[in-house]
Amino acid sequence: MMLAERFTLAEFQHSNTATRLGIENRVPSHLMDTLTALARSMQKIRDFLGQPILISSGYRCPELNRRVGGSPTSHHRFAAAADWICPAFGTPLDCARAIEPHIDQWRI
């Protein structure tokens, strides 16, 4: 299922930790609007950087969040956060510096 032009639901649900531990990490239907907004914001960042973005951590169900040591109030639990890299653009610091002046226009 596509959430934005170049982002799928599977990308935001995938977790190597969840797979390894047998945790089902599906986004609940009541969080889909939030996740779609996040994916659309990520699409704007991707378009700006002009390179693919690789999501390392998107949605985390409560069990997965607990197992990775996440905060109980982590935005990952509510489908409102993603950890990502864009290696073809540069380091995470390069990406942060490039998008920082524009981030307010891409917030969800």
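What you see is a predicted model; the values in this text were computed from it and never measured.

Chemist: Looking at this structure, I do not really get the overall build of the protein chain. What am I missing?
Modeler: Counting its regular elements, the protein chain contains 5 helices and 4 strands. Ordered by position in the sequence, the α and β elements of the protein chain form the string β-β-α-α-α-β-α-β-α. On C-alpha atoms alone, the protein chain measures out to a radius of gyration of 14 Å, which is about the 13 Å that the 2.2 N^0.38 rule sets for 108 residues. Expressed along its principal axes, the backbone C-alpha trace of the protein chain runs to roughly 35 × 25 × 25 Å. Evaluated residue by residue, the protein chain yields a buried proportion of 40% over its 108 residues. Counting contacts in the protein chain only where the partners sit at least 6 residues apart, residues at least 24 apart contribute 68% of the total. Summing over all exposed atoms, the protein chain offers an accessible surface of approximately 6,500 Å²; the carbon and sulfur share of this is 52%. The distance from the centre of the 12 positive side-chain charges to the centre of the 10 negative ones in the protein chain is 5 Å.

Chemist: Please explain helix α3 (residues 32-49) as it appears in this structure.
Modeler: Side chains of residues three or four places apart in an α-helix project in the same direction, reflecting 3.6 residues per turn. With 18 residues, α3 ought to run about 26 Å at 1.5 Å a step, and its terminal C-alpha atoms sit 25 Å apart, in line with that. Just beyond α3, the residue with positive phi is G50, at close to 70 degrees.

Chemist: When you look at the side chain of S57 in this model, what are you seeing that I'm missing?
Modeler: Here S57 shows up in strand β3 (residues 54-57). For S57, the side chain forms a polar contact with the side chain of R60, separated by 3.1 Å. When residues no more than four places from it in sequence are discounted, the contact partners of S57 are H76, A81, A82 and D83.

Chemist: It is not clear to me how the environment of E5 should be interpreted in this structure. Could you clarify?
Modeler: With respect to the helices and strands, E5 occurs in the loop between β1 (2-4) and β2 (7-8). Taking relative accessible area as the criterion, E5 reaches 58% and is therefore assigned exposed. Counting along the chain gives 34 residues from E5 to A39, while the straight-line C-alpha distance between them is 8.8 Å.

Chemist: Hey, could you run me through the nonpolar core in this one?
Modeler: Among soluble globular proteins, nonpolar side chains are generally buried collectively. Judged by nonpolar contacts, the single largest core of 28 residues is most densely connected at F7, F12, L35 and W84. Every element with two or more residues in this core is listed here: β1, α1 (9-13), α3 and α5 (92-99). Of the residues forming this core, the biggest block, 7 residues, is contributed by α3.

Chemist: Just to check I follow, could you spell out the environment of I85 for this structure?
Modeler: Summarising the element assignment, I85 is placed in strand β4 (residues 83-85). I85 has contacts with P52, I53, L54 and P92, leaving out every residue within four places of it along the chain.

The rules behind each value
- Residues numbered from 1 in each chain as written.
- Predicted model: local features only at pLDDT ≥ 70, side-chain atom pairs only at ≥ 80, totals over all residues.
- Heavy atoms only, no water.
- Helix = DSSP H or I, 4+ residues; strand = E, 2+ residues; numbered from the N terminus.
- Rg over C-alpha atoms; globule rule 2.2 N^0.38 Å.
- Buried < 20%, exposed > 50% of the residue type's maximum accessible area, 1.4 Å probe, protein only.
- Contact = heavy atoms within 4.5 Å.
- Areas by Shrake-Rupley, 256 points an atom, 1.4 Å probe, with all protein chains shown as cover.
- Lys, Arg positive; Asp, Glu negative; His and termini not counted.
- Charge placed at Lys NZ, Arg CZ, Asp CG, Glu CD.
- Expected span 1.5 Å × (residues − 1).
- Polar contact = N/O pair within 3.5 Å; in protein donor to acceptor, adjacent residues only side chain to side chain.
- Core = buried A, V, L, I, M, F, W, Y, C linked by side-chain atoms within 4.5 Å.

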